[in-house]
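Results of the structural survey
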Amino acid sequence: MDKAVLTDPEVKTANRTDIFVISSHAKHLHDISKALMSFYIVHAFNDVGQLSEALSAFHPTAIIVDDEVSRMGGLDLIQKMRRTPSLNLIPIVFTAKNTSLEQVTMSQAMPLVRTLVKPYRFSALLKSISDQVNAHVEAQWEMMETTQKTALENTLSSFNSVADLIAEGKELPYNEIQQSCEPLVTAVQSGNFKDLLQGVKGHDNYSYVHSLRVATFLSLFGDHLGIKGNDMSILATGGVLHDVGKMMIPHQVLNKPGKLDDDELVVMRSHVTETIDFLNNTPGLPRGVTIIAGQHHEKLDGTGYPYGLKGKELNELARMAAIIDVFSALTDRRCYKDPMSPVKAMDIMEDMGAGHLDQHFLLAFKELLLDATSEADMH
Ligand SMILES: [Fe+2]
Ligand SMILES: [Fe+2]
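Residues numbered from 1 in each chain as written. Chains lettered and ligands numbered in written order. Predicted model: local features only at pLDDT ≥ 70, side-chain atom pairs only at ≥ 80, totals over all residues. Heavy atoms only, no water.

**Looking at empty space enclosed by the protein**
Tallied over the full model, the rule gives one cavity of 30 Å³ or more. By volume, the largest cavity is sized at about 50 Å³. E298, K299, L300, L314, A318, R319, A322, H356, L357 and D358 together form the lining of the largest cavity. (1 Å grid on protein atoms, 1.4 Å probe; cavity = no way out; pocket = protein on both sides within 12 Å on 5 of 7 lines; lining within 4 Å. Points joined across faces, edges and corners; volume = space filled by probe spheres on them.)

**As for the coordination of the iron ion (ligand 2)**
Within the protein, the iron ion (ligand 2) binds to H210 (NE2), H242 (NE2), D243 (OD) and D325 (OD); these donor distances fall in the range 2.1 to 2.3 Å. Around the iron ion (ligand 2), the four donor atoms sit at angles spanning 83 to 172°, and that spread fits a shape best called irregular. Binding-site remark: the iron ion (ligand 2) is held by donors from one chain whose sequence spacing is H-x31-H-D-x81-D. A gap of 3.5 Å separates the iron ion (ligand 2) and the iron ion (ligand 1), which D243 links by coordinating each metal. Residue H242 is located in the loop between α11 (229–241) and α12 (251–254), and its partner D325 is located in helix α15 (residues 316–331); the two are separated by 83 residues in the primary sequence. We note that H242, like D325, is buried. (Donors = N, O, S within 2.8 Å, 3.2 Å for Na, K, Ca; no water. Tetrahedral: all angles 85-135°; square planar, octahedral: opposite > 155°, others 65-115°. Helix = DSSP H or I, 4+ residues; strand = E, 2+ residues; numbered from the N terminus. Buried < 20%, exposed > 50% of the residue type's maximum accessible area, 1.4 Å probe, protein only.)

**Quick word on the coordination of the iron ion (ligand 1)**
Bound to the iron ion (ligand 1) are the protein donor atoms D243 (OD), H271 (NE2), H296 (NE2) and H297 (NE2), situated 2.1 to 2.2 Å from the metal. Of note, the donors binding the iron ion (ligand 1) are all from one chain and are spaced D-x27-H-x24-H-H.

Here it is as structure tokens:
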């Protein structure tokens, strides 16, 4: 391996969705790159020299190392990276032949290495990368103060449990979800929300990241407007649950880099009715949560979806949720785009005009952003 891979201490970990793949097997490289294209920015390398050069420029979210790597072999390469201080925390997925039992066993004992035996299902590859990336991000939460750490852990576990409940067709235990959001409300009310936004950077579950950000910004907005008590809890819970119907939308549509065609748009928009169907099956759910989930894509001029509600038909909660959802979507990081700065996002939202977003609330949200110190910390 060339020297830069082993010794460069200056390399910063890039908080992006870039994945490096190395294999000297051209077809394998091509197949993986193509399969992962709608989830990650894939950089494919067929030799160690190229990989080494790329690693000296920036660190990816994870590296997929094939057992077929020219000159040294995949396992040797992984061993070298694990011994290199600047590289030993990059998550690795090792793809090995089922005949190389010894290699499989050795790789399984290495830290931050997940091994997949060929042939594997594409979903298994995707899950391995995701698990690796998330374990790395979630491990960093351990260093946070208790409130923020608990806020992230609780909301993530609620989010994951909702995915299971949807899959099993079971009811949502609203009280549990609400309780899991309490540390988030506390963090926001005590002005310690930036750790929450920082803590989900690089997390691989985009739907969770978006929902956590919406819950945080919506609670922050509520706090700024003087909302207290149980209403704050509705904002946080509504934020966490507002897009749960997206779990029913196929990955290719959810993560499509380009513009959606008409059919895909219909599928994408169905996430709201999917969410409502699921929430309607939840006993004791406050109306406010249903409004946040069901009306965050409505517009004041009636051109929104799914109901085409207009003007006064949209209450304050729906108007706030629409602003926060657009702001979060613009400032979210996606596999196909970097996050937009809050200032740029605000400009775009102001250009959307009074037919889309409530101008009074938009001004209040702008004040909030100006109050919150440096913009670099807000996304
Ligand atoms: Fe949505
Ligand atoms: Fe959303």
